[in-house]
Amino acid sequence: MATPTSMAGGEGTLAAVMPRSPSPSPAEAGTSAAETPVLIFLYFHKAIRAELEGLHGAAVRLATERAGDVEVLAERCRFFVNIYKNHCDAEDAVIFPALDIRVKNVAGTYSLEHKGESGLFSQLFALLQMDIQNDDGLRRELASCTGAIQTCITQHMSKEEEQVFPLLTKKFSCEEQADLVWQFLCNIPVNMMAEFLPWLSASVSSDEHQDIRNCLCKVVPEEKLLQQVVFTWIEGKATKKVVQSFADCNSEISHSCEDAPFVDQGEKLICSHDEAKVGSGNTAESNNGQVDRHPIDDILYWHNAIRKELHDIAEETRRMQQSGDFSDISSFNVRLQFIADVCIFHSIAEDQVVFPAVDSELSFVQEHAEEERRFNNFRCLIQQIQIAGAKSNAVDFYSKLCSHADQILETIEKHFCNEETKVLPQARILFSPEKQRELSYKSLCVMPLKLLERVLPWLVSKLSDEEASSLLQNMRLAASPSETALVTLFSGWACKARDKSNSGEYLCLTSGVVRCLLDDVDELEKCQSFCPCASRNSTDGPLHPQTENGSRPGKRGNDAESFSGTNGRHCSQTADTEARPCSKKPCCIPGLRVESSNLGLSSLASSKSFRSLSYNSTAPSLYSSLFSWETDASLSCSDGISRPIDTIFKFHKAIRKDLEYLDVESGKLIDGDESCLRQFIGRFRLLWGLYRAHSNAEDEIVFPALESRETLHNVSHSYTLDHKQEEQLFEDISNVLFELSHLHDSQGHAQTEVKEAEQDCFQSSNEINWARKYNELATKLQGMCKSIRVALTNHVHREELELWPLFDKHFSVEEQDKLVGRIIGSTGAEVLQSMLPWVTSALTQEEQNKMLDTWKQATKNTMFGEWLNEWWKGAPASSDSSAEASSSPEDSHLQDKLEQNDQMFKPGWKDIFRMNQSELEAEVRKVSRDPTLDPRRKAYLIQNLMTSRWIAAQQKLPEPSSEECSDDAGIPGCVPSYRDQEKQVYGCEHYKRNCKLVAACCNKLFTCRFCHDKVSDHTMERKATQEMMCMVCLKVQPVGPICQTPSCNGLSMAKYYCNICKFFDDERTVYHCPFCNLCRLGKGLGVDFFHCMKCNCCLGMKLTEHKCREKGLETNCPICCDFLFTSSAAVRALPCGHFMHSACFQAYTCSHYTCPICCKSLGDMAVYFGMLDALLAAEELPEEYRDRCQDILCNDCERKGRSRFHWLYHKCSACGSYNTRVIKTDTADCSTPN
């Protein structure tokens, strides 16, 4: 796999990121995250890359050197996966939905990539649970798995840096970027934030760390409590150091943070730790009487609150059923989404915190997955109701709605009862109160800040005063000293839900200002246990300036926060301006203000489930798609109808098959011999070449077709980036294979040169080094093959999920047929000869028949069927290269031929599928002149392109003179012919070649078919030719690319040879078109020509958009009447779709400008028509003709019209053309201007 380069010293800008060169950090690029907040994600990527490199390096050392501890590696892997998956989930919940609002069709692909990475992590953890320490194969598999993870994630981040980040910086203002980053952080669970930010700080330099701090100063709202929480996390230290460092931050940078100066620790920023302990102790004493109360019973509060909410939802569904009113279905959907999030995170907390502590074998994962599935189904039903609207079947939807609600309530009730009878009793017995509080607090911290801000008021609103006080007291006692600010924040949020009760104790007002009700000093200790404002020092200064209406100005939105309780009342909070005693001081705990941003994020997108963090990798996600449920419903075409575009995706099955072969066989190379390596190289080069042809067709034809639809702009750009990265992976594997091959050759070469007396010493000193080097390369190759398999498999899978349905939705069958025709028409014969056996070998018989039917339909106007039959019959024999001419005829089966293709693809070929005979000969010379190859390696590469030299050396015969003729003297014409007599260049006036052909019709020798037709009364059938005569040795022999006489030493008959047409050419570039089934001048299909399936002709690449006429070339030239399709002269395509010889066109246009067939103009006649305008303007008609009109028909636009009388020129009023015909002359007055 490709190892990412170091971030240090990186150059370039953000918009020009290459997959192998990570984007430089903002500090290295000369900018800062404080100026462009979204660039803080580059620091996240840098930390992820560094961690990936460390993990893969440790796994490789474990595989090659057996150095390292598996348990330590496993722990590092678990930590990284948790960090990365939270990072991805926050992106899916915040960044991608926001981007999709501004730029369509970009974010969905990256969200799909996140899902595809889960399988790799599952495989990694499965390996770590095995006996890796004592199994070499498992260690190598672990190294390859970490390498695949590194490759996939690195490529994913590189694409984000190249496509997503530039869009974010372009489409979002600095303020909006800060909103995005803040929402991103608020969507990461609290327990992970405490680990994520310190880990990030440790992964960057001091300057970069300061840039991150400056950025966070701008990102985090101007609330001291929120900033204290975040900066406590990033430092991972005590509050004192956080406050001091944050004060330093304020003194160094100038931005809005300066409006909220900090006081020192002695003045007690929010709530001092000592005061919190005092309040906690007093409350604990007041609760001593509650002997039966266990802190772990806080879980019951969650259960009861969820039960109540679900009961309310069930009642609401029945109310809607009775009233038949769906008008409030949207708010009902939001409510359901909220309780679903609560249930999911509560389940995650139990799976990750409570159950492992009670009993490692205890698990309710299946129950949790079932609950999530039922919530998923419920939301799907609501989505259907919203989409159906007035067309919905109300009775059916009513019954389903109630049924789903009852099923969820029943499932969760059963689950809760099991937990309360099996888990909680054990926890009460096994754990001390301190441990129980710790478990309860950790369970709470599994939720992100954004959800906690809503959940805590909701939960407290379901509790009594005593229960709420106990819950918050346990939370305070469980928190560490450095988490004082966080606990204060939680307590403040919980206060929002309290309403005034009869007792008047511990409660906050529901008016605009939230105050403590207690004036009695004796009741202060009770207040401290519940309301966070009570723990403030009475000497605290104002936290923020106040506006005229009593609220502080916020950076992003109003500071007032509200919570809608079940009773319909709203509690709001504002900041106060003056210091008050506790009993009079307002509760000014800040809100996150993530909902007040104007980014336009919907609740569905921004509340994405974090279910993927649970240990059940197979559980379905509640929000399984970035674009809600519509995308999931259209991921595949399940109607069973075969469509033309399906042909493209049939290649994916063959690609997967060969990727599996590379992955499996690469693991066996470490124990294999040289023949296994050769076969592996051949199969790899076959896959590389065919995948390159496939990806080029997508980049040049398929993706531009998608992008041409207005609603599909940007949908394919990510896949184009994938192709570039995958090409680099193939290149890296090719380099490693070359090193392995060279290592094999050098080992054998060295052993043959060592004397027998030195053999033992040589082996003892070099075999160990050779084995170590080979083991390292083989392990590296195995990891790279695993990486490319994972990368390409995920790539084609995403194409099938995202792009495949788009063709069925946006393209008709005819348009799909045209696309398939374009793809096939840009594929040369050599590619097809390798591609067809490769693809069909991976398909079932039914799939093969469907694919061939599609191809035949797309090529129905061409000679493709004829070519296919001719090639299929001659597939075992040589076709168009000297390498194939020397292959064994017994490889007749297509599958056998596929397995033996390692002799067809060799290092040094620039494009293996577009090579003709001339290029093959050039490559032979290139290999022959390569000084870096040892003779053994060089001979191996050349032996498939030329006959063996030792045969010629032993059987060389005297060369016959030109006048002599051998046993074939009876055949007329058995003498050489010359294209240039003086220079002794063989050939004729038509072609340069070193052979003559034996005409099957008259058994005579002619240099070419034109020479035969010139002196005969019949034409020569070129494809019937079976024999040729070498003009050097004058031996008649079977037709082929080289002379088989030993004396000629493998003399080539021409640079280009076609086995189907029996055509030789030694001076021009020629290719065989499988759709014309003829050899034509040019570099090849897909290079400078393509074949139009409707016109059935090869056209230049510039004529991709042209006027098609069915079988337009299968006609005679309108000038000379020669048949155009088989003509050897150059043919020109006219704008109207007709054809004529280029020479005829030049002569004809000297006196005409219209097509001789349809009379349309042959080009842009604007200049000529302008001259006619000037001529007519200066001309005066006789008086008797001035008022006369003529009805005309325009040959160009095919419209009828009227024009003033003239003897020669009549202008079309529609298009301005003078290419018109007179239909009728009118003698009446004409008002039409000339």
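Up top is the structure.
These notes cover the structure that comes with them. (Residues numbered from 1 in each chain as written. Predicted model: local features only at pLDDT ≥ 70, side-chain atom pairs only at ≥ 80, totals over all residues. Heavy atoms only, no water.)

## A look at the overall build of the protein chain
The number of helices and strands found in the protein chain is 39 helices and 19 strands. The buried share of the protein chain, reckoned over its 1234 residues, is 54%. Taking the intrachain contacts of the protein chain between residues at least 6 apart in sequence as the baseline, contacts between residues at least 24 apart amount to 69%. Of the roughly 53,400 Å² that the protein chain leaves accessible, carbon and sulfur atoms contribute 50%. (Helix = DSSP H or I, 4+ residues; strand = E, 2+ residues; numbered from the N terminus. Buried < 20%, exposed > 50% of the residue type's maximum accessible area, 1.4 Å probe, protein only. Contact = heavy atoms within 4.5 Å. Areas by Shrake-Rupley, 256 points an atom, 1.4 Å probe, with all protein chains shown as cover.)

## Observations regarding the packing of aromatic side chains
Applying the stated criterion across every chain, the model contains 38 aromatic pairs. Between F41 and F184, the ring centres sit 4.9 Å apart and the planes meet at 80°, which makes this aromatic pair edge-to-face. With F41 in helix α1 (residues 40-64) and F184 in helix α6 (residues 174-186), this residue pair connects regions lying 143 residues apart in the sequence. You can call F41 buried: its relative accessible area is 1%. Relative accessible area serves as the criterion here: at 0%, F184 is assigned to the buried category. Note on F44 and F196: the rings are 5.0 Å apart at their centroids and 70° apart in plane angle, and the pair reads as edge-to-face. Here F44, found in helix α1, pairs with F196, found in helix α7 (residues 190-202); they are 152 residues apart in sequence, far enough to count as distant. Taken individually, F44 and F196 each receive the classification buried, so the pair is uniform in this respect. Cluster of aromatic residues (ring-pair linked, three or more members): F41, F44, F79, F165, F184, F196 and W199. The lysine or arginine in question, R1080, covers the ring of F1125, its NZ or CZ lying 5.3 Å from the ring centre. (Phe/Tyr/Trp six-rings, centres within 6.5 Å; stacked < 30°, edge-to-face > 60°. Lys NZ or Arg CZ within 6 Å of the ring centre and 35° of its normal.)

## Quick word on the packing of helix α17 (residues 433-444) against helix α19 (residues 465-478)
It is the contact of α17 with α19, at a shortest axis distance of 9 Å, that shows an interaxial angle of 100°. Between α17 and α19, the angle falls in the class roughly perpendicular. In contact with R437, E438, Y441 and L444 of α17, α19 contributes N474, M475, L477 and A478. Per-class residue counts for the contact of α17 with α19 are 5 nonpolar, 1 polar and 2 charged. (Axes fitted to C-alpha atoms, helices over the stretch in contact; angles between N-to-C directions. Parallel < 35°, antiparallel > 145°, perpendicular 65-115°, else oblique. Nonpolar A, V, L, I, M, F, W, Y, C, P; charged D, E, K, R; others polar.)

## Some thoughts on α19
Spanning 14 residues, α19 covers 20 Å between terminal C-alpha atoms, matching the ideal 20 Å at 1.5 Å per step. Taken residue by residue, α19 has A468, S469, S470, L471, L472, Q473, N474, M475 and R476 as its buried positions. (Expected span 1.5 Å × (residues − 1).)

## Observations concerning the pattern of salt bridges
Under the defined criterion, the tally for this structure stands at 43 salt bridges. Note that E141 and K786 form a salt bridge whose closest N and O atoms lie 3.0 Å from each other. Of this pair, E141 sits in helix α5 (residues 136-171) while K786 sits in helix α27 (residues 759-810), and the two are 645 residues apart along the sequence. Of the charged contacts in the structure, one is a salt bridge between R789 and D663, with a shortest N-O distance of 2.7 Å. (Salt bridge = Lys/Arg side-chain N within 4 Å of Asp/Glu carboxyl O.)

## Quick look at the packing of α19 against helix α20 (residues 484-495)
The angle between the axes and the distance between the axes are what describe a pair of packed helices. Taken N-terminus to C-terminus, the directions of α19 and α20 make an angle of 170°; their axes are 10 Å apart at the nearest point. The pairing of α19 with α20 is recorded here as roughly antiparallel in orientation. Residue-level contacts link L472, M475 and R476 of α19 to V487, F490, S491 and A494 of α20.

## Considerations on the pairing of strand β12 (residues 1078-1081)
One ladder, built from 4 bridges, connects strand β11 (residues 1070-1073) with β12; its direction is antiparallel. When the bridges of β12 are listed, V1070 appears paired with L1081. What sits between the antiparallel neighbours β11 and β12 is a turn of 4 residues, in which N1077 has the positive phi angle 55°. (Pairing = 2+ DSSP bridges.)

## So, a nonpolar patch on the surface
A cluster of nonpolar side chains, namely V1167, Y1168 and M1171, defines an oily patch on the protein surface of about 310 Å² accessible area. By the secondary structure assignment, M1171 is in helix α39 (residues 1166-1178). (Patch = residues over 30% accessible without salt bridge, like charges linked within 9 Å, V, L, I, M, F, W, Y side chains within 5 Å.)

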